[in-house]
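The chain contents come next:
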Amino acid sequence: RKYIVTVAWDASSHESASFSWLSYAYAITHMGSLCGHVHRVVAYSGLLLSTKLFPRLQFSLDAFDLLHSLLIRTSIDALLRLCDKLPWKPEFAQELKMLGQVLDLPL
């Protein structure tokens, strides 16, 4: 068997290594729900929003960035700050911190 150990991609990567946002959205939805990281209803609701609703609204990059910051990043940061103030650390707090790396991927 062959395993992929590390996968890295950025804007300077060769074009043949690129992928569309839609392909990424489908892959992360399927993997997240199959591996039990995200409930299937939540995963597919997010997929519906990101692949059907958001494209129809035709947000500019600045508008989408503002919307993402207000709705997603601010909510998660507030929850993490609350967890930091608690005398015990909920198990999901570390996973939520790691999720931040995925949430801020460039579109």
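Heads up: these notes are all about the structure in this document. Keep in mind the model is a prediction, meaning the values are calculated, not measured.

## Brief notes about helix α2 (residues 40–57)
And step 1. Its 18 residues give α2 an end-to-end C-alpha distance of 25 Å, which sits within 8% of 26 Å, the value for a rise of 1.5 Å per residue.
And step 2. A bend of about 30° at L49 is the largest found in α2.
And step 3. The first or second residue beyond α2 is Q58, which carries a positive phi of 50°.

## Re unusual backbone geometry
And step 1. Positive phi outside glycine occurs at Q58, with the angle close to 50°.
And step 2. Here Q58 lies in the loop between α2 and α3 (61–85).

## Let's talk about α3
And step 1. In this model, α3 (25 residues) spans 34 Å end to end at C-alpha, consistent with the 36 Å of a helix rising 1.5 Å per residue.
And step 2. Along α3, the sharpest kink reaches roughly 40°, centred on S69.
And step 3. Buried within α3 are the following residues: H68, R73, I76, L80 and C83.

Conventions used here
Numbers given to residues run from 1 along each chain, matching the order in which its sequence is written. The predicted nature of this model means local features are confined to residues of pLDDT at least 70 and side-chain atom pairs, given and counted, to a pLDDT of 80 or more, with totals for whole chains, interfaces and linings taken over all residues. Excluded from the side-chain calculation are hydrogens and water; included are all heavy atoms of the structure. Strands are runs of DSSP state E lasting at least two residues, helices are runs of H or I lasting at least four, and both sets are numbered from the N terminus onward. The span expected for a helix works out to 1.5 Å for each residue beyond the first. Two axes define the bend at a residue: one fitted to the seven residues ending there, one fitted to the seven starting there, and the bend is the angle between them. Each residue's exposure class comes from its accessible area (1.4 Å probe, protein chains only) as a fraction of the maximum for that residue type: buried when under 20%, exposed when over 50%, partly exposed otherwise.

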